[in-house]
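Geometric and topological summary
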There are 2 protein chains.
Amino acid sequence: MQRYFVEKEQFENNIVRILGEDARHIGKVMRGRVGDEIIVCDGAGRVVLARLESVEAGEVAAMVIEEMTETSEARFRVEIAQSLPKGDKLETVIQKCTEIGAAAFVPFLSERTVVQYDAKKEEKRLQRWGKIAKEAAEQSHRSRVPEVRQPLPYKQLLKTFANYDLVLFCYEKEDGLQLRDVVRPFAESRLEGSASMLVVVGPEGGFAEREADEAAASGAKIAGLGRRILRAETAGMAALACILYESGEMGGNQ
Amino acid sequence: MQRYFVEKEQFENNIVRILGEDARHIGKVMRGRVGDEIIVCDGAGRVVLARLESVEAGEVAAMVIEEMTETSEARFRVEIAQSLPKGDKLETVIQKCTEIGAAAFVPFLSERTVVQYDAKKEEKRLQRWGKIAKEAAEQSHRSRVPEVRQPLPYKQLLKTFANYDLVLFCYEKEDGLQLRDVVRPFAESRLEGSASMLVVVGPEGGFAEREADEAAASGAKIAGLGRRILRAETAGMAALACILYESGEMGGNQ
C-alpha cells in the first residue's frame with residue numbers, strides 16, 4: 001500500500017491532511033479516489049491506515065481508521081557520519097542507507113574532504129538531502145524518516161562520539177581490527193533492546209592517520225572493511241548492512 | 001600503487017605490454033616515467049609488480065620484477081544474478097558489487113522484467129558492463145575482473161542452479177527464512193576452503209510467486225532481506241556484503 005510521510009501538525013483528531021506534492025501524487029499518479037486506503041506516517045514513529053475522504057489537486061483529506069503498531073525500524077539505531085564526498089555521491093549514500101535502515105546522517109568535513117563547503121549553498125542541498133531521505137523512507141516502508149544533519153567540522157564530530165554506545169571508525173590499519181571483530185561481540189552483548197551506533201566513513205582520499213588517532217582517543221573503535229578497497233560512497237552501506245545483519249534484522253536472532 | 005588489468009596475451013616472458021586507454025592513463029594521467037612501478041593483473045589471478053621500461057602514447061612496456069602472491073579475492077565465490085533493472089541501474093550493481101567482492105554477474109529476464117531486451121543492442125551494453133567491472137576491479141584492488149555474462153531467460157537461469165554449492169533466492173515470504181538463517185549455517189559448515197554461491201535478485205516489481213516456487217524446486221533457498229523493502233539495485237549489494245561478512249572477509253574467522 002502506498003505510504004506518505006507528513007508533519008505531525010497535519011494530523012488533527014482523526015483527520016490527516018496531505019498537501020503539495022504528496023497530494024498531487026495521490027490524485028494524479030495513484031489516481032486515488034474517496035474510499036481508497038493509504039498508509040500515513042508522521043515520520044517520528046506513528047503509522048496509521050487511513051481512508052481518503054476528499055481528493056483535490058493541492059490537498060487530500062483522509063480519516064484514520066487504524067493505528068498500526070508494526071514497525072519496520074531497526075533495533076540498533078545506526079547513524080552514518082560521512083565526510084562530504086564529491087558530486088552527488090552523498091545522495092546515493094542517503095538513498096541506499098535509508099533503504100537498508102540508517103537512523104540519521106551526519107555529513108562532516110575532514111582533512112582530505114575535497115568539496116568546497118559553502119554554508120549558504122548548503123541550505124539548498126540539505127533540503128534536497130532531506131527530500132531524498134523522505135522518498136527512500138516511503139519507498140522502503142520505513143516508519144521514520146532519517147534526519148540529515150548540518151555538516152560538522154571534524155573536531156565537533158569527535159565531540160559527539162560520547163553520545164553513542166559504539167562508534168565504528170572505518171579505517172584500514174595494518175594488523176588492525178576488522179568490522180566483525182568489533183560488531184559481533186557488541187551485538188552479542190546486546191541481544192535485546194536498542195543500542196545507538198555511529199559509523200564514520202572518510203572522504204575519497206581517506207582519513208589522515210592523525211584523524212584516526214584522534215577518533216580512537218575520542219572513544220571510537222577503529223576497524224577495516226576487508227581487503228578490497230571500497231569507494232567512499234560504498235563503505236557506509238556495506239558496513240550498515242553487515243551491522244544490521246549481525247544485530248538480527250535479517251533473521252537468526254530469535 | 002596504480003593497478004592495471006591486461007589480457008593474458010599481453011604478457012610475453014617477463015615483459016608486459018599495456019595498450020590503448022590504459023597506456024594513455026599511465027602516460028597522461030599518472031605521468032608515468034621509465035623506472036616507475038605499477039601493479040599489473042591478468043584478470044585471472046596473476047598479479048605482478050612491474051617497472052616501466054618505455055612509455056609511449058599508445059603503448060607502455062613494463063618488466064615484471066615480482067610475482068605477487070597476495071590476493072584480494074574473497075574465499076566464497078559469490079555470483080550475482082540480477083533480473084535486468086531499468087535504466088543504468090545494472091551499472092550501479094556491477095560497480096558496487098565488484099568493489100564488495102562479487103565473482104561474476106548473470107543478468108536475466110523474468111516475468112516482471114520491465115526493460116525490453118534486444119540482443120543486438122545488448123552487445124554494446126555488455127561491453128560497457130565489462131568496462132565498468134574492470135574499472136571497479138582496478139579501483140578496489142581486486143586480483144580478478146568479475147565476468148559479466150550474457151543475459152539469460154529465466155528457465156535457463158534455473159538450470160544453472162545445480163552448479164553452485166548454495167543458491168540464495170531473495171524473496172520475502174510470510175514466515176519464511178531470512179538471509180542469516182540460510183547464510184550462517186552454510187558459512188559455519190565451510191570454515192575453510194572455497195564455496196560457490198549464486199545470489200538471485202528480482203526486478204523492480206519483484207518475482208512472481210510461481211517463479212519463487214520454480215526456484216525452490218530447482219534447489220534454491222528462498223530468503224528475505226529484512227522488513228525494509230530494498231530497491232532492486234540495492235538488494236544484491238546488501239546481501240553480498242552480509243555473505244562476505246559472514247564468511248570472514250571482514251575479520252572474525254581466524
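Residues numbered from 1 in each chain as written. Chains lettered and ligands numbered in written order. Predicted model: local features only at pLDDT ≥ 70, side-chain atom pairs only at ≥ 80, totals over all residues. Heavy atoms only, no water.

This part covers the domain arrangement of chain A. All names here are of chain A. Taken domain by domain, chain A holds domain 1 (3-68) and domain 2 (76-246). For domain 1 versus domain 2, the separation of C-alpha centres amounts to 32 Å. Facing 10 residues of domain 1, the contacting portion of domain 2 comprises 9 residues. Buried area between domain 1 and domain 2, summed over both chains or domains, comes out near 790 Å², and the portion from carbon and sulfur atoms is 49%. On the domain 1 side of the contact with domain 2, Arg 3, Phe 5 and Gly 43 bury the most area, a combined 63% of that side's loss. Along the contact surface separating domain 1 from domain 2 lie 1 salt bridge. Taken together, the connections running from domain 1 to domain 2 amount to 6 residue pairs in polar contact (both at pLDDT 80 or more). Elements supplying a minimum of two residues to the side of domain 1 that touches domain 2: strand 1 (3-5) and helix 1 (20-29). Top element by residues in the side of domain 1 that touches domain 2 is strand 1. It accounts for 3 residues. (Domains from an automatic or database assignment. Contact = heavy atoms within 4.5 Å. Buried area = accessible area lost by both parts, 1.4 Å probe. Salt bridge = Lys/Arg side-chain N within 4 Å of Asp/Glu carboxyl O. Polar contact = N/O pair within 3.5 Å; in protein donor to acceptor, adjacent residues only side chain to side chain. Helix = DSSP H or I, 4+ residues; strand = E, 2+ residues; numbered from the N terminus.)

This paragraph deals with the pattern of salt bridges. One pass over the structure, following the stated rule, counts 47 salt bridges over all chains. In this structure, Arg142(A) and Glu73(A) form a salt bridge, with 2.9 Å as the shortest nitrogen-oxygen distance. Placement of the pair is Arg142(A) in the loop between helix 3 (119-139) and strand 9 (147-148) and Glu73(A) in the loop between strand 6 (59-68) and strand 7 (76-83), with a sequence separation of 69 residues. Accessibility classification places Arg142(A) together with Glu73(A) in one group, the buried group. Put simply, Arg180(A), Arg184(A), Glu246(A), Arg180(B), Arg184(B) and Glu246(B) are held in one network by salt bridges that share partners. (Buried < 20%, exposed > 50% of the residue type's maximum accessible area, 1.4 Å probe, protein only.)

Bringing helix 1 of chain A into the picture now. Residue and element names in this part refer to chain A. Within the sequence span of helix 1, burial applies to Asp 22, Ala 23 and Ile 26. Buried residues of helix 1, viewed axially, fall in a sector of 105°; they line one side. Pointing more than 90 degrees away from the buried face of helix 1 are the exposed residues Glu 21, Lys 28 and Val 29. (Arc of directions from axis to C-beta.)

Moving on, we come to the nonpolar core. Judged by nonpolar contacts, the single largest core of 87 residues is most densely connected at Phe76(A) and Phe76(B). If we ignore the near neighbours within four places in the chain, the residues touching Phe76(A) are Phe186(A), Ala187(A), Arg190(A), Gly193(A), Ala195(A), Met197(A), Ile243(A), Leu244(A), Ser247(A) and Glu249(A). (Core = buried A, V, L, I, M, F, W, Y, C linked by side-chain atoms within 4.5 Å.)

It is worth spelling out the sheet that holds strand 1 of chain A at this point. Residue and element names in this part refer to chain A. Taken in spatial order, the 6 strands of this open sheet run 1-4-5-6-3-2, and their pairing is mixed. In this open sheet, the two edge strands, each paired with only one partner strand, are strand 1 and strand 2 (11-12). Bridge count between strand 3 (residues 15-19) and strand 6: 5 bridges; the pairing is antiparallel. Directly across from Ile 15, in strand 6, lies its bridge partner Met 63. In the packing of helix 1 onto the sheet, the strands contacted are strand 1, strand 3, strand 4 (37-41), strand 5 (47-55) and strand 6, and the crossing angle to strand 3 comes to about 95°. (Pairing = 2+ DSSP bridges. Axes fitted to C-alpha atoms, helices over the stretch in contact; angles between N-to-C directions.)

Moving on: the pairing of strand 5 (residues 47-55) of chain B. All names here are of chain B. Here 5 bridges tie strand 4 (residues 37-41) to strand 5, and the two strands are oriented antiparallel to one another. The residue bridging Cys 41 from the neighbouring strand is Val 47, located in strand 5. The antiparallel pairing of strand 4 with strand 5 creates a hairpin that spans 5 residues between the two strands, and Gly 43 there sits at a positive phi of about 80°. Two strands pair when backbone bridges link them, and strand 5 and strand 6 (residues 59-68) are joined in this way by 8 bridges, in the antiparallel orientation. Considered in strand 6, the bridge of Val 48 is made with Glu 67. Linking strand 5 back to strand 6 in an antiparallel pair, the connection comprises 3 residues.

What follows covers the interface of chain B and chain A. Between chain B and chain A, the contact holds 43 residues from the first and 43 residues from the second. The contact between chain B and chain A buries some 3,800 Å² in all, and 49% of this surface belongs to carbon and sulfur atoms. When the buried area of chain B at its contact with chain A is split by residue, Arg180(B), Arg228(B) and Tyr245(B) rank highest and sum to 23% of it. Along the contact surface separating chain B from chain A lie 12 salt bridges.

The subject of this paragraph is the sheet that holds strand 5 of chain B. All names here are of chain B. Pairing is mixed in the open sheet, where 6 strands are placed in the order 1-4-5-6-3-2. A strand with exactly one partner marks an edge of an open sheet, and here the two such strands are strand 1 (3-5) and strand 2 (11-12). Taken together, the 2 bridges between strand 2 and strand 3 (residues 15-19) define a ladder with antiparallel strand orientation. Across the sheet, Phe 11 pairs through a bridge with Val 16, a residue of strand 3. In the packing of helix 1 (residues 20-29) onto the sheet, the strands contacted are strand 1, strand 3, strand 4, strand 5 and strand 6, and the crossing angle to strand 3 comes to about 95°.

A few words on the relation of the copies chain B and chain A. Turning chain B through 180° and shifting it by 0.0 Å along the axis lays it on chain A, with an RMSD of 0.0 Å. Within this description, the copies of the chain are treated as partners about a two-fold rotation axis. In terms of C-alpha distance to the rotation axis, chain B has Cys242(B) as its closest residue, with the C-alpha 2.5 Å off the axis. A shared binding surface is used by both copies, with 100% of the interface residues of chain B retained as interface residues in chain A. (Least-squares fit on C-alpha atoms with pLDDT ≥ 70 in both.)

The next point concerns unusual backbone geometry. Only a minority of non-glycine residues have a phi that is not negative, and only a minority of peptide bonds are not trans. Even without being glycine, His141(A) reaches a positive phi, approximately 65°. Along the chain, the position of His141(A) falls in the loop between helix 3 and strand 9. Judged by relative accessible area, His141(A) falls into the partly exposed class, the value being 28%. Phi is positive for Asp175(B), which is not a glycine, with a value near 60°. Positionally, Asp175(B) belongs in the loop between strand 11 (166-170) and helix 5 (179-188).

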